[in-house]
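Working through the structure, step by step
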Amino acid sequence: MAGQKLSQRQIVAKIEPVETTSPRIDGYFAQVSGGEITAAVEKVYDGGQRFPETLCAPADIGDVTVTRHYESERDGTKLELLRPLVGQAYYNVTITELNCDLEVANTRRHYTEALCVGMTEPDGDASSGAPASYSLTFSIGPLAS
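Reading the values: the criteria
- Residues numbered from 1 in each chain as written.
- Predicted model: local features only at pLDDT ≥ 70, side-chain atom pairs only at ≥ 80, totals over all residues.
- Heavy atoms only, no water.
- Core = buried A, V, L, I, M, F, W, Y, C linked by side-chain atoms within 4.5 Å.
- Buried < 20%, exposed > 50% of the residue type's maximum accessible area, 1.4 Å probe, protein only.
- Helix = DSSP H or I, 4+ residues; strand = E, 2+ residues; numbered from the N terminus.
- Contact = heavy atoms within 4.5 Å.
- Pairing = 2+ DSSP bridges.
- Polar contact = N/O pair within 3.5 Å; in protein donor to acceptor, adjacent residues only side chain to side chain.
- Axes fitted to C-alpha atoms, helices over the stretch in contact; angles between N-to-C directions.
- Salt bridge = Lys/Arg side-chain N within 4 Å of Asp/Glu carboxyl O.

Our next topic: the nonpolar core. The biggest cluster of nonpolar side chains holds 21 residues, and the ones touching the most others in it are Ile15, Phe29, Leu82, Leu136 and Phe138. Counting residues per element, this core draws most heavily on strand β7 (residues 104-120), which supplies 4 residues.

Now for the side chain of Thr96. Looking at where Thr96 falls in the secondary structure, it is placed in strand β6 (residues 90-98). In contact with Thr96, other than residues within four places in its own chain, are Gln10, Ile11, Val12, Val104, Asn106 and Thr107.

This part is about the pairing of strand β3 (residues 37-44). Of all 8 residues in β3, 0 are buried; the element is thus mostly exposed. Relative to strand β4 (residues 53-61), β3 runs antiparallel, the two being bridged by 7 bridges. Within β4, the position partnered with Lys43 by the bridge is Thr54.

Note: most peptide bonds trans; most residues except glycine with negative phi. The phi dihedral of Glu113 is positive, around 50°, even though this residue is not glycine. With respect to the secondary-structure elements, Glu113 resides in strand β7.

The next subject is the side chain of Gln10. Structurally, Gln10 is set in the segment before β1 (11-17). Given the relative accessible area of 5%, Gln10 is considered buried. Among the polar contacts made by the side chain of Gln10, one reaches the main-chain carbonyl oxygen of Asn99 at a distance of 3.4 Å. Non-local contacts of Gln10, meaning those with residues more than four positions away in its chain, are made with Gln4, Lys5, Thr96, Glu97, Leu98, Asn99, Cys100 and Leu102.

Read across the sheet, 6 strands follow the order β1-β6-β7-β8-β5-β2 without closing on themselves; strand pairing throughout is antiparallel. Each end of this open sheet is capped by a strand with a single partner; those strands are β1 and β2 (31-34). Neighbour-to-neighbour, the strand axes of the sheet open up by a mean angle of 35°, direction not taken into account.

According to the stated counting rule, one finds 6 salt bridges in the structure shown. In this structure, Asp75 and Arg68 form a salt bridge, with 2.9 Å as the shortest nitrogen-oxygen distance. Owing to a relative accessible area of 1%, Asp75 belongs among the buried residues under this scheme. In this structure, the salt-bridge partner of Asp75 is Arg74, at a minimum N-O distance of 2.8 Å. In the salt-bridge network here, residues are joined through shared partners; they are Arg68, Glu71, Arg74 and Asp75.

Structure (structure tokens):
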């Protein structure tokens, strides 16, 4: 039997502060993007060589952005506390797969000591009934083992 395919709604993220001075933001983030892993390469042609030798640099993990709908009671004070700490607060980011019943099935990616480098606060639009959302962006260091 083939493996079960996942819908995007089954991939969520949680964050936990590394230091006690950073605000704890509970619950899942409904959207996750980024975290791509790339390695830069340099092609070196020795004199007279038709094909290059490829030299590889260490892998680099792209920033991870987590997003969710804004709830004033749940998120308002926490975002106020985090705002001056952007660029200073470290979080552990865990990206999890949920099953069809939206219960934790697998945890696929752990990023430890990820630096919060961006906060996009909720936008407002007086003519819209769409839910407001906010996002946090983390610069990723090493992968957790």
